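Coordinate analysis (summary)
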Amino acid sequence: MTGPAKRVIENVEDYPRPPALERVDDTIRIVFAGQTVAETDEAYRVLETFHAPTYYLPPDGFAEGVLQPGKGTSVCEWKGQASYFDIVAGGQRAQRAAWCYLRPAPVFAPIRGFFAVYAEPMDACFVGGERVEPQPGNFYGGWVTSRITGPVKGAPGTTDW
């Protein structure tokens, strides 16, 4: 009889630059306005030096009507132009809480049309049952779990690393 597999602790300093894309084996779940607005076993994560992993969920992992087009775009030097979306549920709206790449760079083609979500405005986000903490600061969208260690970019004084 064997016990549960031991989770590997990753050091964010060891993540690559340019970033890497990999499939996620865990269930990803997002709760907003008291409702599960997304849940999937088909997610990806992007790993970049000094960043908490950013999780990308397929559109069909979201409840119908939860994602609504938001204002603005931004550009990632690695992935391309991001489009923003509001998350709407239970009479509440989290503006620009999600983003996706409709035409990502070729290496990121698997996440075309997948959505990443900022953890901070959500009630809770989970990776494999573990509640995440948002990446520090108000710019990056990584999710901090007990599976990572090392200095995570985003807090004041770290944006120029």
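Now for a description of the structure that goes with this document. (Residues numbered from 1 in each chain as written. Predicted model: local features only at pLDDT ≥ 70, side-chain atom pairs only at ≥ 80, totals over all residues. Heavy atoms only, no water.)

1. Focus on the overall build of the protein
A count of helices and strands for the protein gives zero helices and 15 strands. Here the C-alpha atoms of the protein give a radius of gyration of 15 Å, agreeing with the 15 Å that 2.2 N^0.38 yields for 161 residues. Projected onto the principal axes, the alpha-carbon positions of the protein cover approximately 45 × 40 × 30 Å. Counting the 161 residues in the protein, one finds 46% classified as buried. Per element, the accessible surface of the protein, about 8600 Å² overall, is 50% carbon and sulfur. Computed over 15 positive and 19 negative side-chain charges, the inter-centroid distance for the protein is 4 Å. (Helix = DSSP H or I, 4+ residues; strand = E, 2+ residues; numbered from the N terminus. Rg over C-alpha atoms; globule rule 2.2 N^0.38 Å. Buried < 20%, exposed > 50% of the residue type's maximum accessible area, 1.4 Å probe, protein only. Areas by Shrake-Rupley, 256 points an atom, 1.4 Å probe, with all protein chains shown as cover. Lys, Arg positive; Asp, Glu negative; His and termini not counted. Charge placed at Lys NZ, Arg CZ, Asp CG, Glu CD.)

2. Brief notes about the environment of His51
Of note, His51 is situated in the loop between strand S5 (44–47) and strand S6 (54–56). Take His51: its relative accessible area is 9%, and that puts it in the buried class. Look past the residues within four positions of His51 in its chain and what remains in contact with it is Val12, Tyr15, Gln135, Tyr140, Val152 and Lys153. (Contact = heavy atoms within 4.5 Å.)

3. Comments concerning the layout of surface pockets
If you add up the space inside the largest pocket, you get close to 460 Å³. Tallying contributions element by element places strand S7 (residues 67–76) first for the lining of the largest pocket, with three residues. When grouped by side-chain class, the residues that make up the lining of the largest pocket number 13 nonpolar, six polar and five charged. Its volume calculated, the second largest pocket comes out at about 250 Å³. In this structure, the second largest pocket is lined by 15 residues; those nearest its centre are Arg7, Glu10, Asp26, Arg45 and Arg147. Here the lining of the second largest pocket is built from residues that sort into six nonpolar, one polar and eight charged. (1 Å grid on protein atoms, 1.4 Å probe; cavity = no way out; pocket = protein on both sides within 12 Å on 5 of 7 lines; lining within 4 Å. Points joined across faces, edges and corners; volume = space filled by probe spheres on them. Nonpolar A, V, L, I, M, F, W, Y, C, P; charged D, E, K, R; others polar.)

4. Topic: the side chain of Arg147
Structurally, Arg147 is set in the loop between strand S14 (143–144) and strand S15 (148–149). Apart from residues lying up to four places away in sequence, Arg147 is in contact with Arg7, Val8, Ile9, Glu10, Asp26, Val127, Gly128 and Glu130.

5. Some words on the sheet that holds strand S10 (residues 115–117)
Strand pairing in a sheet relies on backbone hydrogen bonds, with the paired strands running either antiparallel or parallel. Overall, antiparallel pairing links the four strands, which are arranged S7-S8-S9-S10 in an open sheet. One side of each edge strand has no neighbouring strand; the edge strands of this open sheet are S7 and S10. Taken pair by pair, the neighbouring strands of this sheet meet at an average axis angle of 35 degrees, ignoring direction. Judged from the six bridges that link them, strand S8 (residues 80–89) and strand S9 (residues 92–100) form a sheet pairing that is antiparallel. Each bridged residue has a counterpart across the sheet, and for Ala89 the counterpart in S9 is Gln92. (Pairing = 2+ DSSP bridges. Axes fitted to C-alpha atoms, helices over the stretch in contact; angles between N-to-C directions.)

6. Observations concerning the packing of aromatic side chains
Centre distance and the angle of the planes are the two values used to describe a pair of aromatic rings. In total, this model carries eight aromatic pairs according to the counting rule given. Taking the centre distance of 5.0 Å and the plane angle of 85 degrees together, the rings of Phe139 and Tyr140 count as edge-to-face. Judged by its relative accessible area of 56%, Phe139 is exposed. For Tyr140, a relative accessible area of 18% puts it in the buried group. Among the aromatic residues, ring-to-ring pairing joins Tyr56, Trp99, Tyr101 and Tyr118 into one connected group. The positively charged end of Arg23 is found above the aromatic ring belonging to Tyr44, 5.1 Å away from the centroid. For Arg96, the ring lying beneath its charged end belongs to Tyr84, and the centroid distance is 3.8 Å. (Phe/Tyr/Trp six-rings, centres within 6.5 Å; stacked < 30°, edge-to-face > 60°. Lys NZ or Arg CZ within 6 Å of the ring centre and 35° of its normal.)

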